[in-house]
Amino acid sequence: MNHQKIVVLDFGSQYTQVIARRIRECSVYSEILPFDTSASSLKKMGVCGIILSGGPASVLSKGSPRPDPKIFTLGVPVLGICYGLQLMGKMLGGKVVSSARREYGLGKLSFSKNSSRLLAGLDSPQQVWNSHGDKIEKLPDGFKAVGTTENSDFAVVEDTKRNFYGMQFHPEVVHTPRGMDIIRNFLRNICGCTGDWTMANYIDRAVEEIRAKVGDKKVILGLSGGVDSSVAAALIHKAVGDQLTCVFVDNGLLRKDERVHVENLFKNNFKMRMKTVRAEKLFLSKLSGVTNPERKRKIIGKTFIEVFDKAVKSIGQVDFLAQGTLYPDVIESVPIKGNPASLIKSHHNVGGLPKKMKLKLLEPLRELFKDEVRALGKELGLSKEVLWRHPFPGPGLGVRVVGDITKKRLDILREADAVLMEEMRSSGLYYNVWQAFAVFLPVKTVGVMGDERTYDNVIALRIVESQDAMTADWANIPHAVLAKISNRIINEVKGVNRVCLDISSKPPATIEWE
Ligand code: XMP
């Protein structure tokens, strides 16, 4: 697409994606590319600026990752952050030494007002977040230091003639409160970006692109009711209307009333062509007697593909398969030694549908981060309930009934989960947590109800806070709310006489029970 572009070369920092997102938040398009991307391909892309990310390596060690030296001859502004700054120091003729003391944590940045292009508009001092071992001892020719911290004389450096800039700290993290202003100064004042990346613009361009690509052919999309597939459906529908058919598979592992909600929204409200396949019986018969979590997942995944494939065939000639793939799933990165972030890859992407379907892929959200997908969905008229709903795993309640999955257990779980959702919403806590859900446990315990002893099922409540699901902590929910949830489940859901609260963090526990 035709918009101004900033490239972030990735040297393996855990914050690389955060840098790219901050740039987008300034309405400038950003892309993350491997650190060794050639200068000629950057030139061909017409980049307005290059950012060298931080990274775990030391520029002093042999074999540490280096960019193509020609990036410094493109005439494009370059900003080095942390490791990126040391790289510039080293590669442009300065001197980098390993610091006796690793500077980690909060620092105080001092500078004289209006003496720096990066720090324009900011008052000294500013709080900044540091995390680095090496430091620059002598600047390359042409550079001058414009900001210092307690531990570094070269915390912010500039060569305004060649348009090279660097900073020792991380402007992209929240612990550098004015970091966004520094990034914006680089983008707007130094790279000359005008801020042409907005979701309203994106819709127009994406609609044109989808139309050009699809022509008069048909598109199918597997709708789950989740944020990504819902937004992809709304966008493609805007572009090609009835050429799109959404396929919704009711696998019997959905939450209470979920199929009806999805049908109401897409069929009745958006007037989309939608095919619902009711395959509860098939899924439950294949799952019958299976207790191993990995086996359950495999069966659910395989059955989904079979059912979906059959539904597609019944639609007739289809050329495109649409998917709600997001940018974080497609970022190409080169593994960097010692970089934990490169190991943590989402293990949940099922890998899409079979190649044998021979469909061309249509992935209109491939360039977007999750927060942009939500902004796009809002522009397209999707509600907060859809755009901010909690994540729901592909295998659905299949990973929330521990042990044998039966219709009866699923029904009990659905009712308990519905009570939990109602109370999370009415207490105003739903949007404060990452996820809240109920889990069915395959144990029966004794209780008393009225004068009778009961021997019934246990429901566990899992309510967690998290940023990205990689780590999570159990949420602090007021006792009164928990009490109401527990009372209501035990009184209203037949077959449950005990409710427990899961107070484990991830790691070592996971969010789902499986
Ligand atoms: P765990 O249980 O690994 O879950 O801590 C992390 C996050 O991923 C969600 N999850 C899934 N999402 N397909 C998905 O799309 C899946 O198979 C799947 N399994 C777990 C889980 O709900 C949590 O948000």
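Reading the values: the criteria
- Residues numbered from 1 in each chain as written.
- Predicted model: local features only at pLDDT ≥ 70, side-chain atom pairs only at ≥ 80, totals over all residues.
- Heavy atoms only, no water.
- Pairing = 2+ DSSP bridges.
- Helix = DSSP H or I, 4+ residues; strand = E, 2+ residues; numbered from the N terminus.
- Axes fitted to C-alpha atoms, helices over the stretch in contact; angles between N-to-C directions.
- Contact = heavy atoms within 4.5 Å.
- Buried < 20%, exposed > 50% of the residue type's maximum accessible area, 1.4 Å probe, protein only.
- Salt bridge = Lys/Arg side-chain N within 4 Å of Asp/Glu carboxyl O.
- Polar contact = N/O pair within 3.5 Å; in protein donor to acceptor, adjacent residues only side chain to side chain.
- 1 Å grid on protein atoms, 1.4 Å probe; cavity = no way out; pocket = protein on both sides within 12 Å on 5 of 7 lines; lining within 4 Å.
- Points joined across faces, edges and corners; volume = space filled by probe spheres on them.
- Nonpolar A, V, L, I, M, F, W, Y, C, P; charged D, E, K, R; others polar.
- Parallel < 35°, antiparallel > 145°, perpendicular 65-115°, else oblique.
- Left-handed = near helix turned anticlockwise from the far one by under 90°.
- Near = heavy atom within 4 Å.
- Areas by Shrake-Rupley, 256 points an atom, 1.4 Å probe, with all protein chains shown as cover.
- pLDDT = per-residue confidence, 0-100.
- Phe/Tyr/Trp six-rings, centres within 6.5 Å; stacked < 30°, edge-to-face > 60°.
- Lys NZ or Arg CZ within 6 Å of the ring centre and 35° of its normal.

### Topic: the sheet that holds strand S3 (residues 49-52)
The strand order across the open sheet formed by 7 strands is S2-S1-S3-S4-S9-S8-S7, and the pairing between neighbours is mixed. Looking along the sheet, the strands with just one partner apiece sit at the ends: strand S2 (29-34) and strand S7 (144-149). Across the sheet, the mean angle from the axis of one strand to that of its neighbour is 25 degrees, orientation sign disregarded. Note: strand S4 (residues 78-81) against strand S9 (residues 164-167), 4 bridges, orientation parallel. In the sheet register, Gly 80 faces S9, and the bridge partner there is Gly 166. Set on the sheet, helix H1 (residues 16-25) makes contact with strand S1 (5-10), S2, S3 and S4; between it and S2 the angle comes to about 160 degrees. Along the sheet face, helix H4 (residues 179-190) touches S1, S3, S4 and S9 and points at about 175 degrees away from the line of S9.

### Comments concerning H1
The set of residues buried in H1 consists of Thr 16, Ile 19, Ala 20, Arg 22, Ile 23 and Arg 24. Once H1 finishes, Ser 27 follows within two positions and takes phi at roughly 65 degrees, a positive value.

### Side note on the pattern of salt bridges
Here the structure, examined in full by the defined rule, presents 29 salt bridges. A salt bridge links Arg 22 to Glu 25; the shortest N-O distance between them is 3.0 Å. On the criterion of helical spacing, the pair formed by Arg 22 and Glu 25 is a turn pair, its members being 3 residues apart in helix H1. Judged by its relative accessible area of 38%, Glu 25 is partly exposed. Across the pair Asp 411 and Arg 414 runs a salt bridge whose closest N-O atoms are separated by 3.1 Å. Taken together, the positions of Asp 411 and Arg 414, both in helix H13 (residues 407-426) and 3 residues apart, correspond to about one turn of that helix. Classification of Arg 414 as buried rests on a relative accessible area of 11%. One continuous salt-bridge network, built from bridges that share partners, spans Glu 422, Glu 423, Lys 484, Arg 488 and Glu 492.

### Structural notes on the pairing of S3
Burial along S3 is two-sided: Gly 49 and Ile 51 and Ile 50 and Leu 52, pointing in opposite directions, are all buried. For S1 and S3, the ladder comprises 4 bridges, and the chain directions are parallel. Along S3, the bridge assignment pairs Val 7 with Ile 50. Note that S3 and S4 share 3 bridges and pair parallel.

### Overview of the side chain of Asp 159
Here Asp 159 lies in strand S8 (residues 152-159). In terms of polar contacts, Asp 159 uses its side chain to reach the side chain of Arg 162, at 2.6 Å. Sequence-distant contacts of Asp 159, that is, excluding residues within four places in its chain, are made with Asp 141, Gly 142, Phe 143 and Phe 164.

### Things to note about the layout of surface pockets
The probe, sized like a water molecule, is rolled over the atoms to show the empty space still left. Estimated volume of the second largest pocket: approximately 620 Å³. What lines the second largest pocket is a set of 26 residues, and nearest its centre among them are Arg 255, Lys 256, His 261, Arg 389 and Arg 425. Going through the elements one at a time, helix H7 (258-269), helix H12 (384-387), H13 and strand S15 (435-449) are the ones with two or more residues in the lining of the second largest pocket. For the lining of the second largest pocket, the per-class residue count stands at 10 nonpolar, 6 polar and 10 charged.

### Notes on the packing of H1 against H4
Following both chains from N to C, one finds H1 and H4 inclined at 70 degrees, their axes separated by 10 Å at the closest point. What the angle tells us is that H1 and H4 run roughly perpendicular. In this structure, H1 meets H4 at a crossing whose hand is right-handed. For the pair H1 and H4, contact is made by Arg 22, Ile 23 and Glu 25 and by Met 180, Ile 183 and Leu 187, respectively. Considering only residue class, the contact of H1 with H4 consists of 4 nonpolar, no polar and 2 charged.

### A look at the sheet that holds strand S12 (residues 273-278)
As a general point, the strands of a sheet are linked pairwise by backbone hydrogen bonds and lie either parallel or antiparallel. Pairing in this open sheet of 5 strands is parallel, and the strands run S12-S11-S10-S13-S14 from one edge to the other. Looking at the sheet topology across the chains shown, the edges are occupied by S12 and strand S14 (360-362). The mean angle between the axes of side-by-side strands here comes to 30 degrees, regardless of whether they run parallel or antiparallel. Judged from the 3 bridges that link them, strand S13 (residues 320-322) and S14 form a sheet pairing that is parallel. Bridged to Phe 320 within S14 is Lys 360.

### Some words on the site of the ligand
Neighbouring the ligand are 14 residues; Arg 297, Gln 435, Lys 506, Ile 511 and Glu 512 lie closest to it. In this structure, a nitrogen atom belonging to the ligand sits 3.2 Å away from a main-chain N or O atom of Gly 394. Protein contact buries 85% of the 500 Å² of open area that the ligand shows by itself. Here the residues of the shell around the ligand are counted per class, giving 6 nonpolar, 5 polar and 3 charged.

### Notes on the confidence of the model for the protein
For the protein, the average pLDDT comes to 93, and 95% of its residues sit at 70 or higher. Every residue in residues 340-351 scores below 50 in pLDDT, and together they form 7 contacts with partners more than four places removed in sequence or on other chains.

### Remarks on the packing of aromatic side chains
Evaluated as defined, the whole model comprises 11 aromatic pairs. Between the aromatic rings of Phe 72 and Phe 164, the centroid separation amounts to 5.4 Å while the plane-to-plane angle is 80 degrees, which identifies the pairing as edge-to-face. With Phe 72 in the loop between S3 and S4 and Phe 164 in strand S9, the pair connects residues that are 92 residues apart, well separated along the chain. Grouping residues by exposure puts Phe 72 and Phe 164 together as buried. Taking the centre distance of 6.0 Å and the plane angle of 20 degrees together, the rings of Phe 266 and Phe 270 count as stacked. You can call Phe 266 buried: its relative accessible area is 1%. Of the residues examined, Phe 270 reaches a relative accessible area of 18% and is grouped as buried. Chaining the aromatic ring pairs together yields one cluster made of Phe 11, Phe 35 and Tyr 83. Its end group placed over the ring of Trp 388, Arg 374 keeps NZ or CZ at 4.1 Å from the ring centre. The residue whose ring lies beneath Arg 425 is Tyr 430, and the NZ or CZ to ring-centre distance is 4.0 Å.

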